[in-house]
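Understanding the architecture of this molecule
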Amino acid sequence: MHLVGVYLHPIIMEDRELYRRILGIESPWSVASVDLQLLPKEVHIYLTHEDLPTWPCPECGTPCKLYDHQPQRQWRHLDTCQYHTILHADPPRSQCPTHGARVVKLLWAEPSSRFTALFESLAIAWLKAASQKAVGEQLGLSWDEIHGIMERAVKRGLQRRQADPVRHLGVDEKAFRKGHKYMTVVNDLTRGRVLYVAEDRKQESLDGFWGTLTEGQREGIEAVAMDMWDPYVTSVREHVADADQKIVFDKFHVAQHLSHAVDQVRRKENKALRAEGDDRLKGTRYDWLRNPATMDPEDRRAFAALRQSELKTARAWALKETGMNLYAYVYEGPARKHFQWWYGWAVRSRLAPMKEVAGMLKRRFENIITYLQHRITNATSESINAKIQWVKYTARGFRNKQNFISAIYFHCGGLDLAPATTK
Ligand SMILES: [Zn+2]
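The present account deals with the structure reproduced in this document. (Residues numbered from 1 in each chain as written. Predicted model: local features only at pLDDT ≥ 70, side-chain atom pairs only at ≥ 80, totals over all residues. Heavy atoms only, no water.)

1. Description of the overall build of the protein chain
Formally: Here a helix means four or more residues in a row that DSSP labels H or I, a strand means two or more in a row labelled E, and each is numbered from the N terminus. Accessible area is worked out with a 1.4 Å probe on protein chains only. A residue is then buried under 20% of its type maximum, exposed over 50%, and partly exposed in between. The contact rule is simple, with two residues in contact once any of their heavy atoms fall within 4.5 Å.
Check the secondary structure of the protein chain and you find 18 helices and 13 strands. Principal-axis analysis of the C-alpha atoms places the extent of the protein chain at approximately 95 × 50 × 30 Å. By residue count, 46% of the 423 residues in the protein chain fall in the buried class. At a minimum sequence separation of 6, the contacts of the protein chain that also span at least 24 residues come to 61%.

2. So, the packing of aromatic side chains
We apply this condition: Any Phe, Tyr or Trp ring, taking Trp's six-membered ring, that has another such ring centre within 6.5 Å forms a pair; planes under 30 degrees apart are called stacked, those over 60 apart edge-to-face, and the others tilted. Two limits define a charge over a ring: the Lys NZ or Arg CZ must be within 6 Å of the ring centre, and within 35 degrees of the ring normal.
Under the counting rule described, the total for this entry stands at 12 aromatic pairs. Measuring from centroid to centroid gives 5.0 Å for Phe209 and Trp210, while their planes differ by 65 degrees, and the two rings are edge-to-face. In this structure, Phe209 and Trp210 share a single accessibility class: buried. Clustering of aromatic rings is evident, with ring pairs tying together Phe339, Trp342, Tyr343 and Phe365. Lying over the aromatic face of Tyr182, Arg201 brings its terminal NZ or CZ to 3.9 Å of the ring centre.

3. Section: a positive patch on the surface
For clarity, the threshold we go by: Surface patches are drawn from residues lacking salt bridges whose relative accessible area is over 30%; two like charges belong together within 9 Å, two nonpolar side chains (Val, Leu, Ile, Met, Phe, Trp, Tyr) within 5 Å. Using the Shrake-Rupley algorithm and a 1.4 Å probe, accessible areas are obtained, with residue cover drawn only from the displayed protein chains. Each reported salt bridge corresponds to a side-chain nitrogen of Lys or Arg within 4 Å of a carboxyl oxygen of Asp or Glu. Within this scheme the basic residues Lys and Arg register as positive and the acidic residues Asp and Glu register as negative, but His and the chain ends are omitted. Throughout, a charge is located at the NZ atom of Lys, the CZ atom of Arg, the CG atom of Asp or the CD atom of Glu.
Taken together, the side chains of Lys268, Lys312, Arg315 and Arg350 make up a positively charged region of the molecular surface. Note that Arg350 resides in the loop between helix H14 (332–347) and helix H15 (352–363).

4. Points about helix H4 (residues 132–139)
Counted only if it meets this: What the arc measures is the spread of directions leading from the helix axis to the C-beta atoms.
Among the residues of H4, Gln132, Val135, Gly136 and Leu139 are the ones counted as buried. Looking straight down H4, one finds its buried side chains confined to an arc of 100 degrees; they lie on one side. Summarising the geometry of H4, the exposed residues directed more than 90 degrees from the buried face are Lys133, Glu137 and Gln138. Taken together, the buried residues of H4 touch strand E5 (73–80), strand E6 (83–89), helix H3 (117–127), helix H5 (143–160) and helix H18 (401–412). Just downstream of H4, Gly140 is the residue with a positive phi angle, here 65 degrees.

5. Some details on the coordination of the zinc ion
We count it as follows: Coordinating N, O and S atoms are those within 2.8 Å of the metal (3.2 Å for Na, K and Ca), and as water is not part of the atoms, a site may appear to have fewer donors than expected. Under the classification used here, a metal with four donors is tetrahedral if each angle lies between 85 and 135 degrees, square planar if opposite donors are over 155 degrees apart and the others between 65 and 115, a six-donor metal meeting that same test is octahedral, and anything else is irregular.
In the first shell of the zinc ion, the protein supplies Cys57 (SG), Cys60 (SG), Cys96 (SG) and His99 (ND1), at 2.1 to 2.3 Å from the metal. If you look at the zinc ion, its four donor atoms make angles of 105 to 113 degrees with each other, and the shape they trace is tetrahedral. Counting gaps between the donor residues of the zinc ion yields the pattern C-x2-C-x35-C-x2-H. Placement of Cys60 in the loop between strand E3 (55–56) and strand E4 (63–69) and of Cys96 in strand E7 (residues 92–96) is noted, with a sequence separation of 36 residues between them.

6. So, the environment of Gln74
Following the sequence through the fold, Gln74 ends up in strand E5. Taking the C-alpha atoms as reference points, Gln74 and Ser113, 39 residues apart in sequence, are found 9.5 Å from one another. For Gln74, the residues in contact, after removing those within four places along its chain, are Ile86, Leu87, His88 and Arg114.

7. So, the sheet that holds strand E1 (residues 29–37)
Our working definition: Pairing between strands requires that DSSP locate at least two bridges from one strand to the other. All axes are obtained by fitting lines to C-alpha atoms, using only the stretch in contact for helices, and the reported angles, taken between N-to-C directions, cover 0 to 180 degrees.
Pairing in this open sheet of four strands is mixed, and the strands run E1-E2-E6-E5 from one edge to the other. The sheet is open, and its two borders are formed by E1 and E5, each paired with just one other strand. Taking the axes of each pair of neighbouring strands and ignoring which way they run, one obtains an average angle of 25 degrees across the sheet. Of the pairings in the sheet, the one linking E5 to E6 comprises six bridges and is antiparallel in character. The residue bridging Thr80 from the neighbouring strand is Tyr83, located in E6.

8. Some points on the nonpolar core
The criterion, for reference: Put simply, buried Ala, Val, Leu, Ile, Met, Phe, Trp, Tyr and Cys residues joined by side-chain atoms within 4.5 Å make one nonpolar core.
Among the nonpolar cores identified, the biggest contains 92 residues, and Leu169, Phe209, Trp210, Met226, Val236, Met354 and Leu361 are the most heavily contacted of them. In contact with Phe209, not counting residues within four places along its chain, are Leu169, Val186, Leu195 and Tyr196. Membership of the second largest hydrophobic core comes to 20 residues, among which are Leu23, Val34, Leu36 and Val104.

9. Focus on the sheet that holds E7
Spatial strand order, E3-E4-E7-E8: four strands in an open sheet with antiparallel pairing. This sheet does not close on itself; its edge strands, each paired only once, are E3 and strand E8 (100–103). Judged from the two bridges that link them, E3 and E4 form a sheet pairing that is antiparallel. Bridge pairing in E4 links Pro56 to Pro63.

10. Points about the packing of H5 against H18
Applied cut-off: An angle below 35 degrees is treated as roughly parallel, one above 145 as roughly antiparallel, one from 65 to 115 as roughly perpendicular, and anything else as oblique. Each crossing gets its handedness from the near helix: less than a right angle anticlockwise from the far helix is left-handed, clockwise is right-handed. Amino acid classes used here: Ala, Val, Leu, Ile, Met, Phe, Trp, Tyr, Cys and Pro are nonpolar; Asp, Glu, Lys and Arg are charged; the rest, including Gly, are polar.
Close contact between H5 and H18 brings their axes to 9 Å; oriented N to C, the two are set at 55 degrees. It follows that H5 is oblique to H18 by the angle criterion. In the packing of H5 onto H18, the handedness of the crossing is left-handed. Note on element contacts: H18 touches H5 through Asn403, Ser406, Ala407, Tyr409, Phe410 and His411, opposite Trp143, His147, Met150, Glu151, Ala153, Val154 and Leu158. Taken together, the residues of the contact of H5 with H18 sort by class into eight nonpolar, four polar and one charged.

11. Things to note about the state of the cysteines
What counts here: Any cysteine sulfur atom paired with another within 2.5 Å is treated as part of a disulfide.
Enumeration over the complete set of coordinates arrives at zero disulfides. Cys64 forms no disulfide, and the closest cysteine sulfur to it belongs to Cys96, at a distance of 4.4 Å. Overall, Cys64 belongs to the buried group, its relative accessible area being 2%. Owing to a relative accessible area of 4%, Cys96 belongs among the buried residues under this scheme.

12. Things to note about the pattern of salt bridges
Within this structure, the stated rule accounts for 27 salt bridges. Across the pair Arg76 and Asp79 runs a salt bridge, and its minimum N-O distance is 3.2 Å. Under the relative-accessibility criterion, Arg76 is labelled buried at 10%. Relative accessible area serves as the criterion here: at 36%, Asp79 is assigned to the partly exposed category. The partner of Arg191 in a salt bridge is Asp164, with the nearest N and O atoms 2.6 Å apart. With Arg191 in the loop between strand E10 (181–188) and strand E11 (193–199) and Asp164 in the loop between H5 and strand E9 (168–177), the pair connects residues that are 27 residues apart, well separated along the chain. According to the relative accessible area criterion, Arg191 is partly exposed, its value standing at 46%. Residue class for Asp164 comes out partly exposed when judged on its relative accessible area of 24%.

Structural data, given as structure tokens:
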């Protein structure tokens, strides 16, 4: 059943004026008629415009003659009193000598959007706080519609981005799904925002980033924190001057490599001990990875007995802790001496995994010690990582990587996402 508003609810001049004000419709546009449909709970508002002598070209602003009108289009607007509100209009096209026939800029919507700017603003505000699914359900939008709003917002935001200096960068790899699907994320460590996201973790993944910077921005890069990952190293070397002084292998990745080596020593030793009926290392895996300062007193006492024992794992653990003391140094000279001494200890330790990791750290040392100069780690982007986790969590229904990438820019890019109108 289709109930026409005129029958149940006579539309008089005051209603049109009311809607004109609610919608913020301004000259040359006005409300021609309002059709209130009670059953689908919709208000249809028909707009019309004065006959103007000229219409500005949307491209260059030149006043042009009216060419014609597009067939009627509609835009979903903010609900009024729980009624879906839909604007209707025939958008005029201007005839520009340079750009030809173009749809003029409309007050209430961006070109090609099927939503008014106010509606998009509301959807954007909600998307910042809730999942795409929840916002879609709340606003009665399909997945494609909500995704379109997000994508347009990101595109606008990236276009508006200014060429601010980006002194400290963090390059991080993120697993997209369990398994081996990776993304490369470039963070502005100073402002805590994501600058760039790409699929995979190849050299090309990072190569794509540099072109998004101006030359001035590239010259202003002082340091780049990253994992010891050669494809990233190569990309930075090819695009940033004096890269070798600027690459800082991430402190927490160094710690991870050392912890992994300790764990390998423990596993092997545990096996050997248990074969002889010695259970001392059983169930201690996480004790060796934790910071003793965070243990409760009883655990700490038990762990102290272990780490002071003659066990190989205890030696490996001491090597790891002492190795990480590198980061406590202020000056490079003493730090280099410390490392040399530590390296000698590690290679004589007769613990194969420790020897191996020591060799790797020695080969990479020049870009580990750069930390003392720049003092950056990817942990600076911890808040970004937490947000990306949230995006991942709320994105369980996401269909593809591209949507995930848009969502990272949307939530973590620090972008100005608001729709532009001519108002
Ligand atoms: Zn033009």
